[in-house]
Amino acid sequence: MGTRATLLLLIAVLCYGLTCMAAAHQHHHRHEEEEGGGDWRGEREERVERKERGESMFLLRDWKRVVHTDAGEMKVLRSFRGGRSAERTTRIGFVTMEPCTLFIPQYTDSSLVLFVREARLGTIYRNDAVERTLRNGDVYRIPAGSAFYLVNAGEKQTLHVICSIDMDTSEDLPMRNFQSFFLGGGPKPASILTGFDPQTLATAFNVSRGEVEEILSREREGPIVHMSDSHRPSAWSKFMDLEEQDRLRHLQRVVRENGGEDEDEPIKWSWRKLLDSVFGRGRPESGDVWGLHHAPDSCNLYDRSPDFRNDYGWSIALDESDYKPLRHSGIGIYLVNLSAGSMMAPHVNPTATEYGIVLSGSGTVQIGYPNGSSAMNAKVKEGDVFWIPRYFPFCQISSKSGPLEFFGFTTSARRNRPQFLAGRNSVLRAMGGPELATSFGVSDKRLEGLLHAQRESVILPSPEAAGHLEKGFDGDLITDF
């Protein structure tokens, strides 16, 4: 009796959360309509256009190209979450880099969690320079304000990176969108140094004004540059030609020792050494101290054993207990593979909003509104991005033509405990009893037959694989799942 009372309380709390979420969702729409979309299209305009095209707001297709060169690009997708939401503001970014290219050293105003195919990453961790070779499936976190660069060293393979962008809304900054601050550069991209008067920089670096102006006017290739001999040599290709230890020491000298122990403390920049560091003027001091063994490694999703697996698919979840850097970002990660025709059972995430990116295959995503109406029933394919608000019921279904694999982020780094609505481990099956039967207006026996017909849990088979029954109890037709 105590267990049933607890479950009833859980359902009551869940229903209350759904109601609050719907109210907050409507308030967010009104707020966005009043405030406008900034550099993005207004959300009201976006919703009207989507309605006219018959598209769902839960498919994210409003992207902005923040970097574009002949060597690669970066695009950022806007979600429909607002600055006054109780949850953090998260966006999804896509980086594409041609073979033998470099995304030049920079830092950003947002924490990044990268999911890569294959790349070389250099970054600063607690003022120590680190370089990591990232493999297909690796996850790596870059804190806001931490200098880094990204290299696609492959000669034939295009690099694709998916990243969550955890935007800092605690500061009242004039820039509301994701912003990069480039350490080097010139007219294109502009270095953060160019905001100073040339004479001020000349004094700071103890060089002539002409030397400062000459160095800051050289780079014109853009933020993503070629490193191969077939393209014009640049300062960045020379930077990457250095030995790894020298390259990292040059990056390390960009920051000044501040004695901080917290990896998320603001980084203090040593402007006087910046030009020497970035453009390789002189060798690094032999007394530099290295702490590479202290820096966190990446975490590879494909090397992990699935948290759940059956004959119809598997799923992996990564949280702060599995990969400690996620604790500072408040972001969780998941990877799901569904076999042809199978589905992730209808469920609810009571702790986080979810963003999903289709890596391969095709299928359908269904989302329900709290009032029981359909929010989305849309086909998805490779490259599509969808999002599910916290508390909204949803499921993913693979097409019958082949498996569906999707990767994503959640807005909580804590262990996610989804509440399944169908299957052997569903919350409805655990509750059961006359109270639930009464709420559906059926007998206990009838409800028990419905809730126990599905023998599988979490990932459910197609009707064909399950040996679907055409008729159920009392001769009534039973739906597929």
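Residues numbered from 1 in each chain as written. Predicted model: local features only at pLDDT ≥ 70, side-chain atom pairs only at ≥ 80, totals over all residues. Heavy atoms only, no water.

**Q** What is the right way to read helix H3 (residues 198-205) from this model?
**A** Because an α-helix packs 3.6 residues into every turn, residues spaced three or four apart end up facing the same way. Along H3, the residues classified as buried are Leu201, Ala202 and Phe205. Mapping the buried residues of H3 onto a view down its axis gives an arc of 105°, with all of them on the same face. N-capping of H3 is provided by Asp197, with a side-chain oxygen placed 2.9 Å from the backbone N of Gln199. Just past H3, the residue Asn206 takes up positive phi, approximately 60°. (Buried < 20%, exposed > 50% of the residue type's maximum accessible area, 1.4 Å probe, protein only. Helix = DSSP H or I, 4+ residues; strand = E, 2+ residues; numbered from the N terminus. Arc of directions from axis to C-beta. Polar contact = N/O pair within 3.5 Å; in protein donor to acceptor, adjacent residues only side chain to side chain.)

**Q** Explain the pattern of salt bridges to me, please; I cannot follow it from the model alone.
**A** Side-chain pairs of opposite charge can arise where the charged atoms are in close proximity. Counted under the stated rule, the structure contains 8 salt bridges. In this structure, the salt-bridge partner of Arg135 is Asp303, at a minimum N-O distance of 2.5 Å. With Arg135 in the loop between strand E7 (128-134) and strand E8 (138-142) and Asp303 in the loop between strand E13 (299-300) and strand E14 (308-310), this pair connects stretches of sequence that are 168 residues apart. Taking the relative accessible area as the measure of exposure, Asp303 reaches 56% and is therefore exposed. (Salt bridge = Lys/Arg side-chain N within 4 Å of Asp/Glu carboxyl O.)

**Q** Explain the packing of aromatic side chains to me, please; I cannot follow it from the model alone.
**A** Overall, the coordinates contain 10 aromatic pairs when judged by the stated rule. Arranged with centres 6.1 Å apart and planes meeting at 70°, the rings of Tyr369 and Phe392 form a pair that is edge-to-face. Within this pair, whereas Tyr369 is found in the loop between strand E19 (362-368) and strand E20 (374-381), its partner Phe392 is found in the loop between strand E21 (385-388) and strand E22 (394-398), the two being separated by 23 residues in sequence. Of the residues examined, Phe392 reaches a relative accessible area of 1% and is grouped as buried. Each residue in the set Phe58, Tyr355, Tyr369, Trp387 and Phe392 is aromatic and connected to the rest through ring pairs, giving one cluster. Residue placement shows Lys75 over the ring face of Trp63; its charged tip is 4.5 Å from the ring centre. (Phe/Tyr/Trp six-rings, centres within 6.5 Å; stacked < 30°, edge-to-face > 60°. Lys NZ or Arg CZ within 6 Å of the ring centre and 35° of its normal.)

**Q** What's the story with the pairing of E22 in this structure? I'm lost.
**A** A regular strand carries its side chains on alternate faces of the sheet. Summarising burial for E22: 5 of the 5 residues are buried, a large majority. Neither face of E22 is left uncovered, since the one carrying Phe394, Gln396 and Ser398 and the one carrying Cys395 and Ile397 both have all their residues buried. For strand E17 (residues 343-348) and E22, the ladder comprises 3 bridges, and the chain directions are antiparallel. Residue pairing in the sheet places Met343 in a bridge with Ile397 of E22. Here E19 runs beside E22; their pairing, made up of 5 bridges, is antiparallel. By the bridge assignment for E22, Gln366 is matched with Cys395. (Pairing = 2+ DSSP bridges.)

**Q** Mind showing me how you'd approach the sheet that holds E21 here?
**A** Within a beta sheet, neighbouring strands are joined by backbone hydrogen bonds and run either parallel or antiparallel to one another. Taken in spatial order, the 6 strands make up an open sheet running E14-E15-E16-E23-E18-E21, and their pairing is antiparallel. In this open sheet, the two edge strands, each paired with only one partner strand, are E14 and E21. If you compare each strand with its neighbour and ignore which way they point, the axes differ by 15° on average. Sheet topology note: the E14/strand E15 (residues 313-318) ladder contains 3 bridges and is antiparallel. (Axes fitted to C-alpha atoms, helices over the stretch in contact; angles between N-to-C directions.)

**Q** Help me understand the packing of helix H10 (residues 433-440) against helix H11 (residues 444-452) in this model?
**A** Two measures define how a pair of helices packs: the angle their axes make with one another and the distance between the axes. Where H10 meets H11, the axes come as close as 9 Å, and the angle between the chain directions of the two elements is 90°. In terms of axis orientation, H10 runs roughly perpendicular to H11. Residues Gly433, Pro434, Leu436, Ala437 and Phe440 of H10 form the contact with H11, whose own contacting residues are Asp444, Leu447 and Leu451. Looking at the contact of H10 with H11 residue by residue, the classes come out as 6 nonpolar, 1 polar and 1 charged. (Parallel < 35°, antiparallel > 145°, perpendicular 65-115°, else oblique. Contact = heavy atoms within 4.5 Å. Nonpolar A, V, L, I, M, F, W, Y, C, P; charged D, E, K, R; others polar.)

**Q** Would you mind going over the sheet that holds strand E1 (residues 63-69) with me for this structure?
**A** As summarised here, the arrangement of the 7 strands in space is E1-E2-E3-E10-E5-E8-E13, forming an open sheet in which the pairing is antiparallel. Each having just a single partner strand, E1 and E13 make up the two edges of the open sheet.

**Q** Honestly, the side chain of Gln106 in this entry has me stumped. Any pointers?
**A** Turning to its location among the elements, Gln106 is positioned in strand E4 (residues 101-108). Dropping the residues within four chain positions of it, Gln106 is found in contact with Ser146, Ala147, Phe148, Ser180, Phe181, Phe182 and Leu183.

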